[in-house]
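Secondary and tertiary structure notes
Here is how the chains run, residue by residue.
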Amino acid sequence: MEPMRRITAVAAPLLRDNIDTDAIIPSREMKTVSKTGLASGLFAGWRYTAIGGREPDPGFVLNQAPYAGARILLGGANFGCGSSREHAVWALREYGFRVIIAPSFAPIFEGNCVRNGLAPVRLSVETVAELASRIVLDPQAHRLTVDVEQGVVYAAPSSQHPFELDGESRAMLLEGLDAIDLTLKHRADIDAFFASDRVARPWIYPDAAAMDRPL
Amino acid sequence: MVPMGPRSLFEKIWDPHVVRDLGDGSSLIATDRIFLHERTGSVALKSLAEASRPVLDPSRVFCTMDHIVDTTPGRGDSTRMPGGSAFILETRSAAEAAGIRVFDVRDPLQGIVHVISPELGLVLPGTTVVCPDSHTCTQGAMGAFAWGIGSTEAEHALATGTLRVKRPRTMRISVEGRLAPGVTAKDLALHILARQGAAGGRGCAVEYAGGAVRALDMEARMTLCNMATEFAAMTALIAPDETTFSYLRGRRYAPQGALFERAMVVWRSLASDPGARFDHEIVLDAGEVSPMVTWGTSPQHAVAIDACVPQGGASGTTPEAHARALQYMGLEVGQSLIGLPVTGAFIGSCTNSRLSDLRRAATILRGRKVAHGVRALCVPGSMSVKRAAEAEGLDKVFIEAGFEWRESGCSLCFFAGGESFGPRERVVSSTNRNFESRQGPETRTHIASPETVAASALTGCITDPRDFATGEG
Ligand code: SF4
């Protein structure tokens, strides 16, 4: 996975609250058993003029010239709520986003972000609104810097906003680590756990013969 | 060993599943059951296979075909969703290659993952249960710690038998008193959502307790826990009791005989101790709950069925979001919900598609006809539910009333890309989500209990189910 340490990029404001995963990637856009091929379906319901079409709706922020190539998205509260589909994060990543800044995130979505190199940055409602209005008012101020290592969003020398990430999420983003490899370092603990659990709670471990008895 | 103070139900499940403390409040938690379905599980299995990582213990992994699978009678592998059969075929081959039990398209035990896993006795009290699906919290009704994960986490659980989990905060919602006649677990769930707001349970493990919860049967408890994800809770759980044990006894994959009795000794200890601490405590009066219906595009946009479209949104809804929801739904502030014409009625989904749901809806439908111009469907949550319903003749009640009677699956609970109710069609639905375009592009969904759906299908407009009260309670 690509490490995510620090980025300076165009930020696009989409300050709706409760942007759910169906809005991020409608189910009709998830056509394959794959993590790729999703970017063109990102925000499809808002981004295009017709359902299933591909004609850009000029009213939607990502179709507006100043936000071309945005890598940072400013969102409203409870970003990523709804279905647990990880396709939402894959679509955002494939489109090019590396950071989502919002007042809060839905828990499953937030976990999916760090596992896919997308930094979920929580700032207060006021700060997100301030950054967004700064961006809207001044085309020169479209770029933000997000430093995951330091835990700071920089809008200007006078505008610095610290944020917190838990240690594990931070490590995964910074190192581009795969959590499975990390966990399998504890394989001995895992094996020991299941060996003693089989004795303590035998009812958890299914009996294959009983399972396949006829209906 | 340090003497332990009073512990909550959640702590009594969490603690013995800690394989290793990872610091930062995170632990490596052993997963007892992993469930997969063809929509998100297929991706996890495929990418695991591509990385040449074996599944650690396939005997505790179960897979079903529910999301994309067709629900019209006589179905096979082809789907209404263009390209959907690829999900079925790839899931089947990946699961078989990994040695995972698949409840396949033609399996008599097939059904919606959150319906079949308790029904088959796969979910047991005190277990940890994960599935790449946000409504996994449904299964907390069995006294399990069950939560929805992403596909990448599912790969992790499959490969390592564990997950890295940050210990959630806890919340207890005690519902005291009794639900009034004609008021169901679905109404209670919507009442709680309207009160808490869509973010009101953020990241918490929510224990439902109190007399009104203990009085619910298992299927109603599942309905209640199902919607915890709608207020951003990590999961919901209910302490197992005699209702749980008698539900479980003799189920196909539950432990049998002496092993069941042995497990019961442990299961009986799974209740929050007096004095257990919670990060949040909420007490509600069940007597205040009415039949509920949603008016907007978030499940928190719920009101008593005889109320009007409210002026302000629910907590956390900005004026902009409120206006947008009204515009999408084609409604105005102050408009009465009762009497609003509907063209669709849907009974199904992991919230309300179990035998008791179908029975209650059928009580209202028996001997009556769906209003002209209403397309009504009943989609049993599993093939076992369907068979049991048919054995009681419920299928005839639905069909004679004018409902379609389907094979089990998620069906029109969500728009997979094939079948839908149509743009701007107003649908009353026993499902859990009324998001924009959830049931099809621009479809307008009103969530309610199965009895409200049945009553509304009969009249062709949103209707208080108590108007059809039969005196059977
Ligand atoms: S019935 Fe609906 S909510 Fe439940 S698992 Fe299926 S799609 Fe999800």
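Attention in this report is confined to the structure presented alongside it. (Residues numbered from 1 in each chain as written. Chains lettered and ligands numbered in written order. Predicted model: local features only at pLDDT ≥ 70, side-chain atom pairs only at ≥ 80, totals over all residues. Heavy atoms only, no water.)

This part is about the overall build of chain B. Per the secondary structure count, chain B includes 15 helices and 19 strands. Whereas a compact globule of 473 residues would reach a radius of gyration of roughly 23 Å, chain B reaches 21 Å, a difference of no more than 12%. Counting only C-alpha atoms and orienting by the principal axes, one finds that chain B spans roughly 65 × 50 × 45 Å. Within chain B, buried positions represent 67% of all 473 residues. (Helix = DSSP H or I, 4+ residues; strand = E, 2+ residues; numbered from the N terminus. Rg over C-alpha atoms; globule rule 2.2 N^0.38 Å. Buried < 20%, exposed > 50% of the residue type's maximum accessible area, 1.4 Å probe, protein only.)

The next point concerns the overall build of chain A. Summing up its helical and strand segments, chain A has 9 helices and 7 strands in all. Put simply, chain A has 215 residues, and 57% of those count as buried. Carbon together with sulfur atoms contributes 53% to the accessible area of chain A, which is approximately 8700 Å² in total. Between the averaged position of the 22 positive side-chain charges in chain A and that of its 26 negative side-chain charges there is a distance of 4 Å. (Areas by Shrake-Rupley, 256 points an atom, 1.4 Å probe, with all protein chains shown as cover. Lys, Arg positive; Asp, Glu negative; His and termini not counted. Charge placed at Lys NZ, Arg CZ, Asp CG, Glu CD.)

Time to look at the interface of chain B and chain A. Counting residues at the interface gives 82 residues for chain B, matched by 62 residues for chain A. Buried surface at the junction of chain B and chain A, summed over both partners, amounts to about 5600 Å²; 57% is from carbon and sulfur atoms. Applying the counting criterion to the chain B and chain A interface returns 6 salt bridges. Salt-bridge contacts for R201 of chain A lead to D32 of chain B; the nearest nitrogen and oxygen are separated by 2.7 Å. Remark: the boundary between chain B and chain A carries 17 residue pairs in polar contact (both at pLDDT 80 or more). (Contact = heavy atoms within 4.5 Å. Buried area = accessible area lost by both parts, 1.4 Å probe. Salt bridge = Lys/Arg side-chain N within 4 Å of Asp/Glu carboxyl O. Polar contact = N/O pair within 3.5 Å; in protein donor to acceptor, adjacent residues only side chain to side chain.)

Here the focus is the site of the ligand. In the vicinity of the ligand, the residues found are H67, I112, H114, D133, H135, S349, C350, C410, C413, F414, N432 and R438 of chain B. Per-class residue counts for the shell around the ligand are 5 nonpolar, 5 polar and 2 charged. (Near = heavy atom within 4 Å. Nonpolar A, V, L, I, M, F, W, Y, C, P; charged D, E, K, R; others polar.)

Let us now look at the pattern of salt bridges. Residues and elements named next belong to chain B. Using the criterion set out here, one finds 41 salt bridges over all chains in the structure. Salt-bridge contacts for E261 lead to R249; the nearest nitrogen and oxygen are separated by 2.8 Å. With E261 in helix α10 (residues 257-267) and R249 in the loop between α9 (242-248) and α10, this pair connects stretches of sequence that are 12 residues apart. Its relative accessible area of 40% is what places E261 among the partly exposed residues. We classify R249 as partly exposed; its relative accessible area is 45%. In this structure, the salt-bridge partner of E404 is R375, at a minimum N-O distance of 3.5 Å. With E404 in strand β17 (residues 403-405) and R375 in strand β16 (residues 375-378), this pair connects stretches of sequence that are 29 residues apart. Assessed through its relative accessible area of 29%, R375 is described here as partly exposed. When salt bridges with common partners are traced through the structure, they connect D70, R80, R375, E404, R406 and E419 into a single cluster.

All names here are of chain B. Taken as a whole and assessed by the stated rule, the structure comprises 3 cavities of 30 Å³ or more. Of the residues that constitute the lining of the largest cavity, the class distribution is 6 nonpolar, 10 polar and 5 charged. Taken as a whole, the second largest cavity spans an internal volume of roughly 150 Å³. Around the second largest cavity sit 13 residues that line it, and I68, R80, S411, A416 and E419 are the ones nearest its centre. (1 Å grid on protein atoms, 1.4 Å probe; cavity = no way out; pocket = protein on both sides within 12 Å on 5 of 7 lines; lining within 4 Å. Points joined across faces, edges and corners; volume = space filled by probe spheres on them.)

Bringing the packing of aromatic side chains into the picture now. This model, assessed by the stated rule, comprises 19 aromatic pairs over all chains. Between F145 of chain B and W147 of chain B the ring centres are 4.2 Å apart and the planes differ by 20 degrees, which places this aromatic pair in the stacked class. Following the ring pairs from residue to residue traces out a cluster consisting of F10, W14, F145 and W147 of chain B. Above the plane of the ring of W46 of chain A lies R16 of chain A, whose end atom (NZ or CZ) is 4.0 Å from the centre. Across from the ring centre of F421 of chain B, 5.5 Å away, lies the NZ or CZ of R375 of chain B, which sits over that ring. (Phe/Tyr/Trp six-rings, centres within 6.5 Å; stacked < 30°, edge-to-face > 60°. Lys NZ or Arg CZ within 6 Å of the ring centre and 35° of its normal.)

Our focus in this paragraph is the environment of P202 of chain A. Along the chain, the position of P202 of chain A falls in the loop between α8 (187-200) and α9 (208-211). Counting along the chain gives 132 residues from P202 of chain A to A70 of chain A, while the straight-line C-alpha distance between them is 53 Å. Apart from the residues within four sequence positions on either side, P202 of chain A is in contact with D197 of chain A together with L259 and R262 of chain B.

The next point concerns the sheet that holds strand β19 (residues 444-447) of chain B. Think of a sheet as strands paired side by side through backbone hydrogen bonds, with each pair either parallel or antiparallel. All names here are of chain B. Pairing is parallel across the open sheet formed by 5 strands, whose spatial order is β17-β16-β15-β18-β19. Looking at strand neighbours, the two that pair on one side only are β17 and β19, the edges of this open sheet. Between one strand and the next, the sheet's axes are offset by a mean angle of 20 degrees, whatever the strand orientation. With 3 bridges joining them, β16 and β17 adopt parallel strand pairing. Within β17, the residue paired with A376 across the bridge is F403. Set on the sheet, helix α11 (residues 319-329) makes contact with β18 (426-429) and β19; between it and β19 the angle comes to about 105 degrees. On top of the sheet, helix α15 (residues 450-459) reaches β15 (344-347), β17 and β18; it is set at about 150 degrees to β15, its chief contact. (Pairing = 2+ DSSP bridges. Axes fitted to C-alpha atoms, helices over the stretch in contact; angles between N-to-C directions.)

What follows deals with the side chain of S353 of chain B. Residues and elements named next belong to chain B. Along the chain, S353 turns up in the loop between β15 and α12 (355-365). S353 sits in the buried class, given a relative accessible area of 0%. With residues near it in sequence (within four places) discarded, S353 still touches I112, V115, G348, L358, V379, P380, G381 and V385.

Any functional reading would require information that these geometric values do not contain.
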